[in-house]
Amino acid sequence: AAQAVAGMSIGQALRSPAFWLISSAIGLLGLGQNTMRILIIPHLQNVGFSREAVSTTLAIIFLAVGVTIRPMMGWVADHVDVKKAYLAVFLVEGISLLLLGNVHHLWQVLVFVLLFEAGFGAHHAFFGVLIAQGFGVNRFATISGLMRTVGIVSGVVGPLMGGAMFDITGSYRLFFIVTGVISLVGIVPMLLAQRAMRGSDTGPRTPESTSDTPASR
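None of the values given here were measured: they were computed from a predicted structure.

How each quantity is defined
- Residues numbered from 1 in each chain as written.
- Predicted model: local features only at pLDDT ≥ 70, side-chain atom pairs only at ≥ 80, totals over all residues.
- Heavy atoms only, no water.
- Helix = DSSP H or I, 4+ residues; strand = E, 2+ residues; numbered from the N terminus.
- Expected span 1.5 Å × (residues − 1).
- Contact = heavy atoms within 4.5 Å.
- Phe/Tyr/Trp six-rings, centres within 6.5 Å; stacked < 30°, edge-to-face > 60°.
- Buried < 20%, exposed > 50% of the residue type's maximum accessible area, 1.4 Å probe, protein only.
- Lys NZ or Arg CZ within 6 Å of the ring centre and 35° of its normal.
- Axes fitted to C-alpha atoms, helices over the stretch in contact; angles between N-to-C directions.
- Parallel < 35°, antiparallel > 145°, perpendicular 65-115°, else oblique.
- Left-handed = near helix turned anticlockwise from the far one by under 90°.
- Nonpolar A, V, L, I, M, F, W, Y, C, P; charged D, E, K, R; others polar.
- Salt bridge = Lys/Arg side-chain N within 4 Å of Asp/Glu carboxyl O.
- Polar contact = N/O pair within 3.5 Å; in protein donor to acceptor, adjacent residues only side chain to side chain.
- pLDDT = per-residue confidence, 0-100.
- Core = buried A, V, L, I, M, F, W, Y, C linked by side-chain atoms within 4.5 Å.

Over its 12 residues, helix α8 (residues 187-198) runs 17 Å from end to end, which matches the ideal 16 Å to within 8%, given 1.5 Å per residue. Buried residues in α8 make contact with α2 (17-46), α4 (82-101), α5 (106-135) and α7 (173-185).

In structure tokens, the structure reads:
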């Protein structure tokens, strides 16, 4: 006999306030997070760093920090309350982008990379756990994929927004400051999503009750 599978159907997830709140929070976070890697080198070059030195230094630093921090964040995800810890991701990423927007010295770039990669690694380690805890595993891949489409929108809007701000101000500083603040604002929908998830039911359901009927799609 088929075993019961825990989790929401796609239709139930789409009707859940938590789905849209988390999607909104991830979209706000991604606006600066997804665009940073595109604009960081022209930004640092614009504020006075040489392109050659910045390109080589950042490649080495991002690789070293990423290889070190991301496995650590996976371990953290297994040992903390991800719903609460996710709030720290928005805080750390917001602070790192604000720092990047006000960078003047190489040591500030190093601090930025450490903070940004910690938040970036935690975001990717925590995301799957959050979806499984909030919506169950019945339609985990589809639900998480639908949420990630918001990041695609952010990835399109971010560079356009950064380019427009550069045309107006002659610098990318304002873009990183604004997206840093936007990342911090993302804490609000994530907090509201936590409240919504407390009242949601992702307990075991039979395959029949979670099948993709026309009503659940």
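All right, on to the packing of aromatic side chains then. All told, the structure shown has 8 aromatic pairs when counted by the stated rule. On the numbers, 5.5 Å between centres and 35° between planes, the contact of F112 with F116 is tilted. Placement of the pair is F112 and F116 together in helix α5, with a separation of 4 residues, close to one helical turn. Measuring from centroid to centroid gives 5.3 Å for F175 and F176, while their planes differ by 70°, and the two rings are edge-to-face. F176 carries the same exposure label as F175, and that label is buried. In this structure an aromatic cluster arises from ring pairing among F19, W20 and F135. Positioned above the aromatic ring of F62 is the side chain of R37, whose terminal nitrogen or guanidinium carbon lies 5.1 Å from the ring centre. Positioned over the ring face of F120 is R37, at 4.7 Å from the centre of the ring.

Right, let's get into the packing of α4 against α7. Their axes nearest at 7 Å, the elements α4 and α7 cross at an angle of 165°. By the angle between their axes, α4 is roughly antiparallel relative to α7. In this structure, α4 crosses over α7, and the sense of that crossing is left-handed. The segment α4 lies against α7, with F90, L91, G94, I95, L97, L98, L100 and G101 engaging R173, F176, I177, T179, G180, V181, S183 and L184. Grouping the constituent residues of the contact of α4 with α7 by class yields 10 nonpolar, 5 polar and 1 charged.

This brings us to the pattern of salt bridges. Within this structure, the stated rule accounts for 1 salt bridge. As a salt-bridge pair, E117 and R37 come within 2.7 Å of each other at their nearest N and O atoms. Taken together, the residues span a long stretch of sequence, with E117 in helix α5 and R37 in helix α2 at a distance of 80 residues. You can call E117 buried: its relative accessible area is 1%.

A separate point is the environment of Q133. Positionally, Q133 belongs in helix α5. On the basis of relative accessible area, Q133 is assigned to the partly exposed category, the value being 36%. Considering only alpha carbons, one finds Q133 and V82, 51 residues apart in sequence, at a separation of 8.9 Å.

This part takes up the environment of E93. Structurally, the position occupied by E93 is in helix α4. On the basis of relative accessible area, E93 is assigned to the buried category, the value being 1%. Apart from residues lying up to four places away in sequence, E93 is in contact with L29, Q33, L115, F116, G119 and F120. Polar side-chain contacts of E93 include one of 2.7 Å to the side chain of Q33.

All right, on to the confidence of the model for the chain then. On average, residues of the chain carry a pLDDT of 85, and 89% of them reach 70 or more. At the level of individual helices and strands, the chain shows its lowest average pLDDT in strand β2 (residues 204-205), which scores 44, and its highest in α7, which scores 97. Here residues 202-217 scores under 50 on pLDDT; set against residues more than four positions off or in separate chains, the count is 38 contacts.

Turning our eyes to something else, we now look at the nonpolar core. Ranked by internal contacts, the top residues of the largest apolar core, which has 53 residues, are I22, M36, L44, Y86, F135 and M190. A total of 12 residues in this core trace back to one element, the largest contributor, which is α5. Look past the residues within four positions of L44 in its chain and what remains in contact with it is F49, V54, L58, L100, V103 and V109.

A few words now on the packing of α2 against α4. Contact pair α2 / α4: the axes reach a minimum separation of 11 Å and the direction vectors enclose 30°. As judged from the angle between their axes, α2 and α4 are roughly parallel. The chirality of how α2 crosses α4 is left-handed. For the pair formed by α2 and α4, the contact residues are A25, I26, L29, G32, Q33, M36, I40, H43 and L44 on the first element and Y86, V89, F90, E93, L97, L100 and G101 on the second. The residue makeup of the contact of α2 with α4, split by class, is 11 nonpolar, 4 polar and 1 charged.

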